[in-house]
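# Close look at the chain arrangement
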Amino acid sequence: GYGGLPDRDGKVTLDACIMDEFGNSGAVMFLEKIMHPIKVARLVMEKTPHVQLVGEGALKFALQNGFKQENLLTPASEKAWKDWLKNSKYDPMTIPKLLQQKTVKDGRGQEHNHDTIGMLALDAAGNLSGACTTSGMAFKMHGRVGDSPIIGAGLFVDNEVGAATSTGVGEEVVCICGSHTVIELMRQGLSPEEACKKTCERIVHKRGEKAKELQVGFIAVDRSGNFSGYALQKGFTYAVQTAEGSKVYDAKSIF
Ligand code: ASP
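Now for a description of the structure that goes with this document. One numbering rule holds for all chains: residues counted from 1, following each sequence as written. A pLDDT threshold of at least 70 governs which residues receive local features in this predicted model, and a stricter bar of 80 or more applies before side-chain atom pairs are shown or counted, although totals over entire chains, interfaces and linings include all residues. Only hydrogens and water are set aside; all other atoms, that is, all heavy atoms of the structure, feed into the side-chain values.

### Details of helix α3 (residues 75–85)
Stated precisely, the cut-off is as follows: Relative accessibility under 20% of the residue-type maximum defines a buried residue, over 50% an exposed one, and the middle range a partly exposed one, all with a 1.4 Å probe and only protein chains included. In this description a helix means any DSSP run of H or I spanning at least four residues, a strand means any run of E spanning at least two, and both kinds are numbered starting from the N terminus. The directions from the helix axis to the C-beta atoms are what the arc is built from.
For α3, every residue scored as buried is listed here: Ser77, Ala80, Trp81 and Trp84. Projected down its long axis, α3 shows its buried positions confined to an angular sector of 100 degrees, all on one face. Across α3 from its buried face, at more than 90 degrees, point the exposed residues Pro75 and Lys79.

This is how it looks when you write it as structure tokens:
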């Protein structure tokens, strides 16, 4: 939400989805001006007969439920967009690199170089759930939606098997039903790490040399709390919080 990088028209458009242990799901896509889109996704799941609401309809639903419209384009994000406009080159690989070099400060002084958060939870009763939320690929086309709010792509939870979520170039994840693939591989007996790795390998298999120019990462957890992550490129980290504390892990990568 706030501080996320805008699309090529300078608009911050947000995507989010959520899934619980019963397979109930909710998602919003191409939602503007709402600080926490995941809360709206949750209400879609809890209060409507639908799974997905998009654009103006999602905004109308949010406003009806008491959310306020806010400007999410911070001065730092606006500056990054204006700098980008000078060349207007959309390159999913160099944009994250650029942002890693120059972290963007939001209005609260927090630094960001990434706009997607995928979260998986295993509760004390052994039930799994998950959520994924993003402002999407920086400088995307207006109206573009990636993997993050698509159940099965950016997030999938099967309480009998595990939960998985993704980040990176959403188009690549959508085309292999990424998070669902991770869970199906785990259902066949693979560990979270093997399943995330094999799913990354599908992208490599499909894209060949071009995969070296792409970043995609998955994290997964199974019912017993075994977890892992895997990415195409180095530099993908994920955090794990348990009763013992929290720890950041470097995911293994294909390249
Ligand atoms: N997966 C997100 C998308 O394609 C972007 C990201 O993870 O940075 O919208």
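### Points about the packing of helix α6 (residues 178–187) against helix α7 (residues 192–207)
How we decide: Think of each axis as a best-fit line through the C-alpha atoms, taken over the contacting stretch in the case of a helix, with angles from 0 to 180 degrees between the N-to-C directions. Note on angle classes: values under 35 degrees are labelled roughly parallel, values over 145 roughly antiparallel, values of 65 to 115 roughly perpendicular, and the remainder oblique. We call a crossing left-handed when the near helix sits turned anticlockwise from the far one by less than a right angle, and right-handed when that turn is clockwise. In what follows, residue pairs with any heavy atoms lying within 4.5 Å of each other are defined as contacts. Gly is put with the polar residues, along with every residue not named as nonpolar or charged; the nonpolar set is Ala, Val, Leu, Ile, Met, Phe, Trp, Tyr, Cys and Pro, and the charged set is Asp, Glu, Lys and Arg.
Where α6 contacts α7, the axes come no closer than 8 Å and their chain directions differ by 135 degrees. Comparing their axes, α7 and α6 come out oblique. By crossing handedness, the relation of α6 to α7 is classed as right-handed. The residues of α7 that touch α6, namely those facing Gly178, Thr181, Val182, Leu185 and Met186, are Pro192, Ala195, Cys196, Lys198, Thr199 and Arg202. Within the contact of α6 with α7, the residues separate by chemical class into six nonpolar, three polar and two charged.

### Some words on the pairing of strand β9 (residues 162–168)
So the rule is basically this: Strands are labelled as partners when DSSP assigns at least two bridges between them.
Burial analysis of β9 places six of its seven residues in the buried class, the great majority of the element. Here strand β8 (residues 155–158) folds back onto β9 in antiparallel fashion, the turn holding three residues. Bridging between β9 and strand β10 (residues 216–222) involves seven bridges; their strand directions are antiparallel. Each bridged residue has a counterpart across the sheet, and for Thr167 the counterpart in β10 is Gly217.

### Some words on the site of the ligand
Inclusion rule: When we say a residue is near a molecule or strand, we mean one of its heavy atoms is within 4 Å of it. By the criterion applied in these results, polar contacts are pairs of N or O atoms within 3.5 Å in which, for protein atoms, one can donate a hydrogen and the other can accept it, and in which residues neighboring in sequence qualify only through two side-chain atoms. Areas reported here follow the Shrake-Rupley algorithm with a probe of radius 1.4 Å; residue values treat only the protein chains shown as occluding.
Residues in contact with the ligand amount to 10 residues; listed here are only the nearest, Thr116, Arg144, Asp147, Thr167 and Gly168. Residue Asp147 places a side-chain N or O atom 2.7 Å away from a nitrogen atom belonging to the ligand. At 2.6 Å from an oxygen atom of the ligand is found a side-chain nitrogen or oxygen belonging to Thr167. About the coverage of the ligand: the protein hides 95% of its 270 Å² of free accessible area. Its residues assigned to classes, the shell around the ligand comprises one nonpolar, seven polar and two charged.

### Some thoughts on the pairing of strand β2 (residues 25–32)
The element β2 is extensively covered by neighbouring structure, given that seven of its eight residues are classed as buried. Relative to β2, strand β1 (residues 13–19) runs antiparallel, the two being bridged by six bridges. Its bridge partner being in β2, Thr13 is matched across the sheet by Glu32. In sequence, β1 turns back onto β2 through a hairpin of five residues, with Gly23 there showing a positive phi of about 90 degrees. As judged from the three bridges shared by β2 and strand β3 (residues 52–54), these two strands associate in the parallel manner. Across the sheet, residue Ala27 finds its bridge partner in β3, namely Gln52.

### Notes on the environment of Glu193
Tracing the chain through its elements places Glu193 in helix α7. C-alpha of Glu193 to C-alpha of Phe218: the two residues are 25 residues apart in sequence and 9.2 Å apart in space. Contacts of Glu193, omitting those with residues within four sequence positions, involve Ser228, Tyr230 and Lys252.

### Topic: the nonpolar core
Here is the rule we go by: By nonpolar core we mean a set of buried residues, namely Ala, Val, Leu, Ile, Met, Phe, Trp, Tyr and Cys, connected to one another through side-chain atoms within 4.5 Å.
Ranked by internal contacts, the top residues of the largest apolar core, which has 32 residues, are Val182, Met186 and Phe218. Every element with two or more residues in this core is listed here: β1, β2, β7 (128–134), β8, β9, α6, α7 and β10. Residues contacting Val182, with those up to four places away along its chain left out, are Ala164, Ala195, Cys196, Thr199, Phe218 and Ala220. Ile18, Leu43, Leu59 and Ala62 belong to the second-largest nonpolar core, a separate cluster that totals 17 residues.

In short, the description is geometric, and any link to function would need to be established separately.
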